[in-house]
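Structure at a glance
Here are the chains, one letter per residue:
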Amino acid sequence: VNGVEGLKVASMPTNSGFYYKGYAAFYHADKFRDDHRNKQSMKARSFIQMNRFIYVTDGDLLGGQLLFSVAVPFADNYMKMYTPTGTMKSDVNFTLSDIMVQPFMLAWHGEQWDAMIAVGGFLPTGYFDHKRMASVGRGYYTLMLNAGGTWYFDDAKSWHLSALTRY
């Protein structure tokens, strides 16, 4: 799930080695708008546990550290759609979702700033069935480009502003 990185989103570890980051995301909805913009009742719930593994190399490329990242998500989706005549359809799915791989990441660290760029994508490893509402996979490969930075306002690096863009 994009958007769950939190504080210092564009800052990568400075020391070489393996790192683990765990993310948890929960989503709930009880209404949606149909094609005619009418409100419809539904129940949707999704819980995602993302396990991200980062390897920081000793290598230097273009003045930055070379990193690699793999994120392995597990998702638990539940959906139930209602019609005026009663329950239309319901679906539950808990399984591995689409894995994100970033085989090329570069990170730079200055006295008052950090910056990073990355190229990666999503692999269709999650279960996907276009007839199932709660499919956790999407069924296709997707390219993802990242760029971001962090600016530290004090020498202790306790106050900062950080932004990461993904396309």
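Bear in mind the structure is a predicted one, so any value in this text is a computation, not a measurement.

**So, the overall build of the protein**
Across its full length, the protein holds 0 helices and 8 strands. Listing every helix and strand of the protein by position from the N terminus yields β-β-β-β-β-β-β-β. Taken against the 2.2 N^0.38 rule, which gives 15 Å for 167 residues, the C-alpha radius of gyration of the protein at 20 Å runs more than 25% over that of a compact globule. Counting only C-alpha atoms and orienting by the principal axes, one finds that the protein spans roughly 65 × 30 × 25 Å. When burial is assessed residue by residue, the protein has 36% of its 167 residues classed as buried. Counting only contacts in the protein whose residues sit at least 6 apart along the sequence, the fraction spanning at least 24 positions is 57%. Summing over all exposed atoms, the protein offers an accessible surface of approximately 10,200 Å²; the carbon and sulfur share of this is 60%. Each charge sign in the protein was given a centre, from 16 positive and 14 negative side chains, and these centres are 13 Å apart.

**Details of the pattern of salt bridges**
Enumeration according to the criterion identifies 2 salt bridges in this entry. Aspartate 76 is the partner of arginine 45 in a salt bridge, and the nearest nitrogen-oxygen pair spans 3.4 Å. Pair noted here: arginine 45 is in strand 2 (residues 39–61) and aspartate 76 is in strand 3 (residues 64–83), with a separation of 31 residues, a long-range link. Owing to a relative accessible area of 23%, aspartate 76 belongs among the partly exposed residues under this scheme.

**Concerning the pairing of strand 7 (residues 142–152)**
Where strand 6 (residues 113–123) lies against strand 7, 10 bridges are found, and the strand directions are antiparallel. Pairing of methionine 116 across the sheet is with glycine 148, part of strand 7.

**Some thoughts on a nonpolar patch on the surface**
There is a patch of nonpolar side chains on the surface, built from Trp113, Trp151, Phe153, Trp159 and Leu161 and spanning about 650 Å² of accessible area. As for its placement among the helices and strands, tryptophan 159 is situated in the loop between strand 7 and strand 8 (160–166).

**Describing the packing of aromatic side chains**
Between two aromatic rings, the relevant description is the distance of the centres plus the angle of the planes. Counting across every chain of the model gives 2 aromatic pairs. Relative to tyrosine 55, the ring of phenylalanine 18 has its centre 4.7 Å away and its plane inclined at 40°; by these criteria the two rings are tilted. With phenylalanine 18 in strand 1 (residues 17–33) and tyrosine 55 in strand 2, the pair connects residues that are 37 residues apart, well separated along the chain. Its relative accessible area of 70% is what places phenylalanine 18 among the exposed residues. For tyrosine 55, a relative accessible area of 32% gives the class partly exposed. Between tyrosine 20 and phenylalanine 53, the aromatic rings sit 5.5 Å apart at their centres with planes inclined by 55°, giving tilted as the arrangement. A residue pair is termed long-range when its members are at least 10 positions apart, and tyrosine 20 in strand 1 and phenylalanine 53 in strand 2 qualify at 33 residues.

**Observations concerning the environment of aspartate 129**
Structurally, the position occupied by aspartate 129 is in the loop between strand 6 and strand 7. What makes aspartate 129 partly exposed here is its relative accessible area of 23%.

**Brief notes about the nonpolar core**
Ala10, Met12, Ile54, Val56, Leu67, Met105, Ala107, Met116 and Ala118 together form the largest nonpolar core, which totals 9 residues. Of all the secondary-structure elements, those providing two or more residues to this core are strand 2, strand 5 (99–109) and strand 6. Those residues in contact with methionine 105 that sit more than four places away from it in its chain are Met12, Arg52, Gln65, Leu66, Leu67, Phe68, Ser69, Met116, Ile117 and Ala118.

**Some words on unusual backbone geometry**
Although it is not a glycine, leucine 62 sits at a positive phi angle of roughly 55°. Counting through the fold element by element, leucine 62 comes out in the loop between strand 2 and strand 3. Phi is positive for lysine 157, which is not a glycine, with a value near 60°. By the element assignment, lysine 157 lies in the loop between strand 7 and strand 8.

How each quantity is defined
- Residues numbered from 1 in each chain as written.
- Predicted model: local features only at pLDDT ≥ 70, side-chain atom pairs only at ≥ 80, totals over all residues.
- Heavy atoms only, no water.
- Helix = DSSP H or I, 4+ residues; strand = E, 2+ residues; numbered from the N terminus.
- Rg over C-alpha atoms; globule rule 2.2 N^0.38 Å.
- Buried < 20%, exposed > 50% of the residue type's maximum accessible area, 1.4 Å probe, protein only.
- Contact = heavy atoms within 4.5 Å.
- Areas by Shrake-Rupley, 256 points an atom, 1.4 Å probe, with all protein chains shown as cover.
- Lys, Arg positive; Asp, Glu negative; His and termini not counted.
- Charge placed at Lys NZ, Arg CZ, Asp CG, Glu CD.
- Salt bridge = Lys/Arg side-chain N within 4 Å of Asp/Glu carboxyl O.
- Pairing = 2+ DSSP bridges.
- Patch = residues over 30% accessible without salt bridge, like charges linked within 9 Å, V, L, I, M, F, W, Y side chains within 5 Å.
- Phe/Tyr/Trp six-rings, centres within 6.5 Å; stacked < 30°, edge-to-face > 60°.
- Core = buried A, V, L, I, M, F, W, Y, C linked by side-chain atoms within 4.5 Å.

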